[in-house]
Amino acid sequence: MIIGLTRGAGGIALAFHLADRKRQNEITLLGSNRNLFETNIEKQTLELCNLIKPSKSKKPIYHIHADPSKIWNNDQWKSFWNKFETEFNLENQPFVEVIHKKHDREHRHRIYSLYISATGKTINPSHDYARAEKLARIMELETDENLTPGHHTIAILNFQPDLIDSLVSISEINPGPVASPKERMQAERTGISKEKVAQAVFRSWTISDDGKSFEQALWASNLAIRQGEKAILIVDSSGNVHSLARLLNLASKTSG
């Protein structure tokens, strides 16, 4: 599942994009909304944009794009949006939803107002990329989708430590000096090879006196250590998860 997030000021260009003026999708439908009265995509989007005019923020509009790899039913979409609104405190905020369909797949857009009229304040969705990736991983587990590697796995584990054992399945590292096809593809995609990670871990291991200094040395190499259900794990800077024991085994064999 892929989630895209954008903050902005809204306006006619956003309305045209949601209405798919360029006809990039086969079907474009107006979805649900909250506290809006217009009945077509462009007018409803502009109505939402008008609601945020009193805001002093330059970016009071929040655009979310959700693209699951499987076809979701209405209950699954409801589960996702409930999680998203709870995560970012958007439960009472006005929004417009648009559904795009292409090649038998569906993705949805929602535009939320971040402006709270009762207080004059604006919601600040801090750390939103990592938090959105966390929700994507949770929904993948909930809907039995394949887990998608992301850039914020370390941050996700800080938000949701219980996901560690599920995230291991994204990129389990096999023992031995020969990279598997999956590992080669992973290295090409991220630019981080198993061998480089193993060397950095082994170097951190050899210069450390205890667990705390080992963890600090790993952080200096943009690596993090986490306790899984069955093993101790290493998370690299691209978000992939590795077995500590297997990395040390590989590096020690390579170094003799």
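Above this note sits the structure.
### What about the overall build of the protein chain?
Right, so step 1: Counting its regular elements, the protein chain contains ten helices and ten strands.
Right, so step 2: Classification of the 256 residues of the protein chain by burial places 47% in the buried group.
Right, so step 3: With the model as given, the accessible surface of the protein chain reaches about 13700 Å², and the carbon-plus-sulfur share is 52%.

### Re the nonpolar core
Right, so step 1: Core analysis: the biggest nonpolar cluster contains 21 residues, and Tyr62, Phe80 and Phe84 have the highest contact counts within it.
Right, so step 2: For this core, the element with the highest residue contribution is helix α3 (residues 74–88), accounting for five residues.
Right, so step 3: Not counting chain neighbours up to four residues away, the residues in contact with phenylalanine 84 comprise Leu5, Tyr62, Ile64, Leu90, Tyr112 and Leu135.

### Points about the sheet that holds strand β10 (residues 241–243)
Right, so step 1: Spatial ordering of the open sheet is given by β8-β9-β10, a layout of three strands whose pairing is antiparallel. Edge strands, defined here as strands with exactly one partner in the open sheet, are β8 (224–227) and β10. Put simply, the sheet's adjacent strands are angled 35° from each other on average, direction ignored.

### Things to note about the pattern of salt bridges
Right, so step 1: Applying the stated rule across the entire model yields twelve salt bridges.
Right, so step 2: Taking the shortest distance from any N to any O, the salt bridge between arginine 110 and glutamate 85 comes out at 3.3 Å. Of the two residues, arginine 110 is situated in strand β5 (residues 105–113) and glutamate 85 in helix α3; the sequence distance between them amounts to 25 residues.
Right, so step 3: Arginine 110 serves as the salt-bridge partner of glutamate 97, at 2.8 Å between the closest nitrogen and oxygen. Here arginine 110 lies in strand β5 and glutamate 97 lies in strand β4 (residues 95–102), a separation of 13 residues in the sequence. As far as burial versus exposure is concerned, glutamate 97 and arginine 110 are alike and both buried.
Right, so step 4: The network of salt bridges with shared partners includes Arg34, Glu85, Glu97, Lys101, Glu106, Arg108 and Arg110.

### Re the packing of aromatic side chains
Right, so step 1: Evaluated as defined, the whole model comprises 13 aromatic pairs.
Right, so step 2: Considering the side-chain rings of tyrosine 62 and phenylalanine 88, the 6.1 Å spacing of their centres and the 70° angle between planes classify their relative orientation as edge-to-face. Within this pair, whereas tyrosine 62 is found in strand β3 (residues 61–67), its partner phenylalanine 88 is found in helix α3, the two being separated by 26 residues in sequence. The exposure classification of tyrosine 62 matches that of phenylalanine 88, with both residues buried.
Right, so step 3: The ring of phenylalanine 16 has arginine 21 sitting right over it, with the charged end atom 3.9 Å from the ring centre.
Right, so step 4: Positioned above the aromatic ring of phenylalanine 95 is the side chain of arginine 110, whose terminal nitrogen or guanidinium carbon lies 4.0 Å from the ring centre.

### Topic: the sheet that holds strand β1 (residues 2–8)
Right, so step 1: Taken in spatial order, the five strands of this open sheet run β1-β3-β5-β4-β2, and their pairing is antiparallel. The sheet terminates laterally at β1 and β2 (27–34), the two strands that pair on one side only. Strand-to-strand twist of the sheet, defined as the mean angle between neighbouring strand axes without regard to direction, takes the value 15°.
Right, so step 2: Pairing of β1 with β3 involves seven bridges; the strand directions are antiparallel. Residue pairing in the sheet places isoleucine 2 in a bridge with aspartate 67 of β3.

### A look at helix α8 (residues 194–206)
Right, so step 1: Between its first and last C-alpha, α8 extends 18 Å over 13 residues, near the 18 Å set by a 1.5 Å rise per residue.
Right, so step 2: If you check which residues of α8 are buried, you get Lys194, Val197, Ala198, Ala200, Val201 and Ser204. For α8, the buried positions fall inside an angular range of 165° around the axis, keeping them on one side.

### Here's the deal with the side chain of serine 243
Right, so step 1: With respect to the helices and strands, serine 243 occurs in strand β10.
Right, so step 2: Within the structure, the side chain of serine 243 is placed 3.3 Å from the backbone nitrogen of arginine 246, a separation counted as a polar contact.

The rules we used
Residues numbered from 1 in each chain as written. Predicted model: local features only at pLDDT ≥ 70, side-chain atom pairs only at ≥ 80, totals over all residues. Heavy atoms only, no water. Helix = DSSP H or I, 4+ residues; strand = E, 2+ residues; numbered from the N terminus. Buried < 20%, exposed > 50% of the residue type's maximum accessible area, 1.4 Å probe, protein only. Areas by Shrake-Rupley, 256 points an atom, 1.4 Å probe, with all protein chains shown as cover. Core = buried A, V, L, I, M, F, W, Y, C linked by side-chain atoms within 4.5 Å. Contact = heavy atoms within 4.5 Å. Pairing = 2+ DSSP bridges. Axes fitted to C-alpha atoms, helices over the stretch in contact; angles between N-to-C directions. Salt bridge = Lys/Arg side-chain N within 4 Å of Asp/Glu carboxyl O. Phe/Tyr/Trp six-rings, centres within 6.5 Å; stacked < 30°, edge-to-face > 60°. Lys NZ or Arg CZ within 6 Å of the ring centre and 35° of its normal. Expected span 1.5 Å × (residues − 1). Arc of directions from axis to C-beta. Polar contact = N/O pair within 3.5 Å; in protein donor to acceptor, adjacent residues only side chain to side chain.

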